[in-house]
Amino acid sequence: MNSSVLAELAVIYDSGHTRPLAPLLSPLLSKKTQSTAPAESNNQNLSSQSLLGPATLSNLLPIRSPGLAVGDTADSQLNPEALARLAQGNPHPFFLIGSDAVSVEWLATHHDTLKALGAVGMLVQADTEADVRRVAEVAQGLSITMGSGSDLAAALGIHHYPVLITRDGIRQ
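In this text, all values refer to a predicted model and were calculated from it rather than measured experimentally.

To continue, consider the overall build of the chain. When helices and strands are counted, the chain shows 8 helices and 7 strands. Counting the 172 residues in the chain, one finds 32% classified as buried. Looking at the chain as shown, the accessible area adds up to about 11200 Å², and 56% of this sits on carbon and sulfur atoms.

Structure (structure tokens):
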């Protein structure tokens with residue numbers, strides 16, 4: 001039985017602003033599969049092709065989170081609505097950090113507590129691969145993802161990191 005199957009894609013909805021999926025799939029397909037794919041996939045849009053690249057760390061950088069900055073959260077209080085949402089929908093504690101010296105020191109200081117809580121982290125600011133590696137060295141044993149924390153911070157009403165967010169609120 002052949003485990004390699006190529007099916008035609010069906011357009012379910014087209015807003016007029018959609019782009020073909022074929023150029024996005026081409027890096028994932030083998031050369032043999034690409035040669036048997038419909039001719040339409042060979043007409044790749046150059047702008048969408050330029051958006052693609054290998055899944056490397058350098059292609060994910062820099063990480064920016066507008067609205068968030070390193071600093072003290074002593075004045076920060078979650079509004080009651082946000083606290084109620086956390087109590088209902090957040091089964092695991094999570095933390096936001098940057099690659100700055102304050103965040104790395106905070107991570108080192110609170111590493112054992114974060115691990116005991118099963119906290120998951122998000123790196124919300126990093127400029128270089130060295131920044132990410134520095135955080136990874138300190139985070140050994142902790143799960144940390146990378147991405148902008150702007151939407152999350154806006155929803156919770158926080159403006160500073162590093163911060164630990166639990167069902168009970170936020171703390172540094």
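And the narrative resumes.
Glancing now at the sheet that holds strand E3 (residues 120–125). Across a sheet, strands are paired by hydrogen bonds formed along the backbone, either parallel or antiparallel in direction. If you trace the 5 strands from one edge of the open sheet to the other, you get E4-E3-E2-E6-E7, paired in mixed fashion. Each edge of the sheet is formed by a strand with only one pairing partner; in this case those strands are strand E4 (143–146) and strand E7 (169–171). Across this sheet, the average inter-strand angle for adjacent strands is 25°, counted without regard to direction. Each of strand E2 (94–98), E4, strand E6 (163–166) and E7 is contacted by helix H6 (residues 101–117), which is oriented at about 165° to E2, the strand it contacts most.

Our next topic: unusual backbone geometry. Along the chain, Leu61 connects to Pro62 via a cis peptide bond; the corresponding omega equals -5°. By secondary structure assignment, the location of Pro62 is in the loop between helix H4 (57–60) and strand E1 (69–70). Here the amide bond leading from Tyr161 into Pro162 is cis, since omega sits at 0°, within 30 degrees of zero. Along the chain, Pro162 turns up in the loop between strand E5 (160–161) and E6.

Thresholds applied
- Residues numbered from 1 in each chain as written.
- Predicted model: local features only at pLDDT ≥ 70, side-chain atom pairs only at ≥ 80, totals over all residues.
- Heavy atoms only, no water.
- Helix = DSSP H or I, 4+ residues; strand = E, 2+ residues; numbered from the N terminus.
- Buried < 20%, exposed > 50% of the residue type's maximum accessible area, 1.4 Å probe, protein only.
- Areas by Shrake-Rupley, 256 points an atom, 1.4 Å probe, with all protein chains shown as cover.
- Pairing = 2+ DSSP bridges.
- Axes fitted to C-alpha atoms, helices over the stretch in contact; angles between N-to-C directions.
- Contact = heavy atoms within 4.5 Å.

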